[in-house]
Amino acid sequence: MDVVWLIIDSLAFQTTSFSADGPDTTPRLTALAEEHGTVFTRAYAPGPLSPSSHASMFTGNLPSEAGMHEAYPYLDRSIPTIAERMSETHHTSLFSTNVWLFRGLDRGFATTNDLGITDQDGRQNSTDTNTGADKQHRHVSQLNNLVREARGRRDRDEFILVNYMDVHPPLDASSEALAKFAPDHSLSELPIGVSPERHIENEEKSYNLDLMEKLYHSAIWDFDREFAPLVEELLMDDVFVVVTSDHGIWHQNTAYSDSRLHVPLVIFTPGTEESIVPHTVSLRSIPRTIDQYINGGSQFNGPSLLETEEDQLSITEVIHHPNAVYEKTGRVDVTKENHATGEVQRDLVLIHGESRADYINGEWTPDSATGCIREIGEEILTQDVNMGEQKLSYDEGVMERLEDLGYK
């Protein structure tokens, strides 16, 4: 059986149609999920940004155990990944424009395609065939076609992982989407193609936050129009499909906000009736879920999401080097190269049902839950944070890509 894991980078649960109070940004995906999928309404990311969240999702370990996080954004430890496990029975492919996925997380994939390198080589960017609009920051059509091509080989089962960056700023959108979500604003008013100024306090940004939000909703709606047809194709072929995000939108919020950590999650299991799971779950359980369903057992941590009958404990680790960005804005920065000092700040967010406990900057917040959830957090804090062994450095092309995404 083919397995396709589709990650929509920076998509917050509250900005989708899955949320009761959310905008009508994902009507097509939501309709498919309501008819065929298992929808998790309280899924949380294990990390606040791509390095930590993906490391945890790929290994089933906490970021501190995996050794890849915002303080050291590279996976160089030999712990098993879901790609390595699936390579035993499947041909494995990774497609994305997310630079962090090609910093050690590509281990175990037989085929990889970093479309960001294509752009750096000066080739034509993606075209949105549904709207006829050229969009510098859209790759959904290209990535969808790579999925179709990979499945067309048919010499063995496929495990395909795709990370889409279409709703991660900088953003673009079609005139039709903008007419729906920003009808009273001209193109010149909207921050189209503007990198997120996450290193600047909100009141000092060069763009209007409300207009960025409208553009964000427009980009999600455009993405849904191209993305949902691929999902439907996969469902018609009885493919096991996981659709999620790695974290929510982050251009104006801190690493600990609900808009950053609460993410959409839908699992389409062939032959299973649609359902809604209202319990707390963590994306860290995805490797276990895939492995157990496909291979009948698993070496990965956590419970299977397909057996969720009660709230599970979600643990988010925020591991970073304190720096000027954090001191000024409260937002976590990603170290692009090894920090000059070994100082690491380790924060925790634990969520179980209606209980939440936050350990930030060396202390539990006043409104944090006590009891068992706090005890688990205290135990985690006694364990070491794994750091990588090699010195990190980035070439000019990677630095340009990171700055385009708002990393300064």
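Rules and cut-offs
Residues numbered from 1 in each chain as written. Predicted model: local features only at pLDDT ≥ 70, side-chain atom pairs only at ≥ 80, totals over all residues. Heavy atoms only, no water. Helix = DSSP H or I, 4+ residues; strand = E, 2+ residues; numbered from the N terminus. Rg over C-alpha atoms; globule rule 2.2 N^0.38 Å. Buried < 20%, exposed > 50% of the residue type's maximum accessible area, 1.4 Å probe, protein only. Areas by Shrake-Rupley, 256 points an atom, 1.4 Å probe, with all protein chains shown as cover. Lys, Arg positive; Asp, Glu negative; His and termini not counted. Charge placed at Lys NZ, Arg CZ, Asp CG, Glu CD. Polar contact = N/O pair within 3.5 Å; in protein donor to acceptor, adjacent residues only side chain to side chain. Contact = heavy atoms within 4.5 Å. Pairing = 2+ DSSP bridges. Axes fitted to C-alpha atoms, helices over the stretch in contact; angles between N-to-C directions. Expected span 1.5 Å × (residues − 1). Bend = angle between axes of the 7 residues up to and from the residue. 1 Å grid on protein atoms, 1.4 Å probe; cavity = no way out; pocket = protein on both sides within 12 Å on 5 of 7 lines; lining within 4 Å. Points joined across faces, edges and corners; volume = space filled by probe spheres on them. Phe/Tyr/Trp six-rings, centres within 6.5 Å; stacked < 30°, edge-to-face > 60°. Lys NZ or Arg CZ within 6 Å of the ring centre and 35° of its normal.

Looking at this structure, how should I read the overall build of the chain?
The secondary structure content of the chain amounts to 13 helices and 14 strands. Whereas a compact globule of 408 residues would reach a radius of gyration of roughly 22 Å, the chain reaches 20 Å, a difference of no more than 12%. Across the 408 residues that make up the chain, the buried fraction comes to 59%. Summed over its atoms, the accessible surface of the chain is roughly 15600 Å², and 43% of this surface lies on carbon and sulfur atoms. The distance from the centre of the 31 positive side-chain charges to the centre of the 68 negative ones in the chain is 3 Å.

Sorry if this is basic, but what is going on with the side chain of Ser64 here?
Along the chain, the position of Ser64 falls in helix H3 (residues 63–66). By relative accessible area, Ser64 is classed as buried at 2%. Polar side-chain contacts of Ser64 include one of 3.3 Å to the side chain of Arg346. Each residue touching Ser64, except ones within four places of it in the same chain, is listed here: His69, Glu317, Ile319, Arg346, Asp384, Val385 and Asn386.

When you look at the side chain of His217 in this model, what are you seeing that I'm missing?
Secondary-structure assignment places His217 in helix H8 (residues 209–236). Excluding residues within four positions of it along the chain, His217 makes contact with Thr15, Pro23, Thr25 and Phe181.

Help me understand the sheet that holds strand E7 (residues 158–164), please; the structure alone is not making it clear to me.
Strands in a sheet are paired, the pairing made by backbone hydrogen bonds, and the direction either parallel or antiparallel. The strand order E4-E3-E7-E1-E8-E9-E2-E10 describes an open sheet built from eight strands, whose pairing is mixed. In this open sheet, the two edge strands, each paired with only one partner strand, are strand E4 (111–114) and strand E10 (275–282). Sheet twist, expressed as the average angle between the axes of neighbouring strands with direction ignored, equals 15°. Here strand E3 (residues 91–96) runs beside E4; their pairing, made up of four bridges, is parallel. Within the sheet, the bridge partner assigned to Phe95 lies in E4 and is Asn113.

What exactly am I supposed to notice about unusual backbone geometry here?
Residue Pro169 is joined to Pro170 through a cis peptide bond whose omega torsion reads 5°. Assignment of secondary structure puts Pro170 in the loop between E7 and helix H7 (175–181). One non-glycine residue, Ser10, adopts positive backbone phi at about 70°. Examined against the element boundaries, Ser10 turns out to sit in the loop between strand E1 (3–8) and helix H1 (27–36).

Any chance you could explain H8 here in plain terms?
Owing to its 3.6 residues per turn, the α-helix brings residues three or four apart onto one side. Taking 1.5 Å of rise per residue, the 28 residues of H8 would be expected to cover 40 Å, and the 40 Å separating its terminal C-alpha atoms lies within 8% of that figure. At Asp224, H8 shows its largest bend, some 30°. Of all 28 residues making up H8, 21 are buried, and the element is well covered by its neighbours. Looking one or two places after H8, you find Asp238, whose phi comes out positive at around 60°.

Mind showing me how you'd approach the sheet that holds strand E12 (residues 345–352) here?
Reading across the sheet, the four strands line up as E11-E12-E13-E14 and stay open at both edges, with antiparallel pairing between neighbours. Every other strand in the sheet has two partners, leaving strand E11 (314–320) and strand E14 (363–364) as the edge strands with one partner each. Summarising the sheet, E11 and E12 pair through seven bridges and their orientation is antiparallel. The residue bridging Val318 from the neighbouring strand is Asp347, located in E12. Its contacts with the sheet put helix H12 (residues 372–381) on E11, E12, strand E13 (355–360) and E14, and the angle it makes with E12 is roughly 150°.

I'm lost on the pairing of strand E9 (residues 262–268) in this one. Help?
Sheet faces and side chains relate simply in a regular strand, where the side chains alternate between the two faces. Counted residue by residue, E9 has seven buried out of seven residues, so it is predominantly covered. Alternating residues of E9 divide into His262, Pro264, Val266 and Phe268 and Val263, Leu265 and Ile267, and every residue in both groups is buried. Looking at chain direction, strand E2 (residues 38–44) and E9 are connected through five bridges and run antiparallel. By the bridge assignment, Thr38 is partnered in E9 with Ile267. Relative to E9, strand E8 (residues 240–244) runs antiparallel, the two sharing four bridges. Bridge pairing links Val241 to Phe268 in E9.

Help me understand empty space enclosed by the protein, please; the structure alone is not making it clear to me.
By rolling a water-sized probe across the atoms, one finds the places where empty space is left. Taken as a whole and judged by the stated rule, the model has one cavity of 30 Å³ or more. Each pocket or cavity is described by its volume, and for the largest cavity that value is around 50 Å³. Forming the boundary of the largest cavity are Ile8, Leu11, Thr16, Phe18, Leu29, Val243, Thr244, Ser245, Pro264, Leu265 and Val266. Secondary-structure elements contributing two or more residues to the lining of the largest cavity are E8 and E9. Here the element with the most residues in the lining of the largest cavity is E9; it accounts for three residues.

How should the packing of aromatic side chains be read in this particular structure?
Each aromatic ring pair is characterised by the separation of its centres together with the angle its planes make. Tallied over the entire structure, the rule returns nine aromatic pairs. When the ring of Tyr164 is compared with that of Phe227, the centres are 5.3 Å apart and the planes differ by 85°; the resulting orientation is edge-to-face. Highlighted residues: Tyr164 in strand E7 and Phe227 in helix H8, separated in sequence by 63 residues. For the pair shown, Tyr164 and Phe227 are each scored as buried. Each residue in the set Trp5, Phe58, Phe109 and Phe159 is aromatic and connected to the rest through ring pairs, giving one cluster. Residue placement shows Lys180 over the ring face of Phe181; its charged tip is 5.6 Å from the ring centre.

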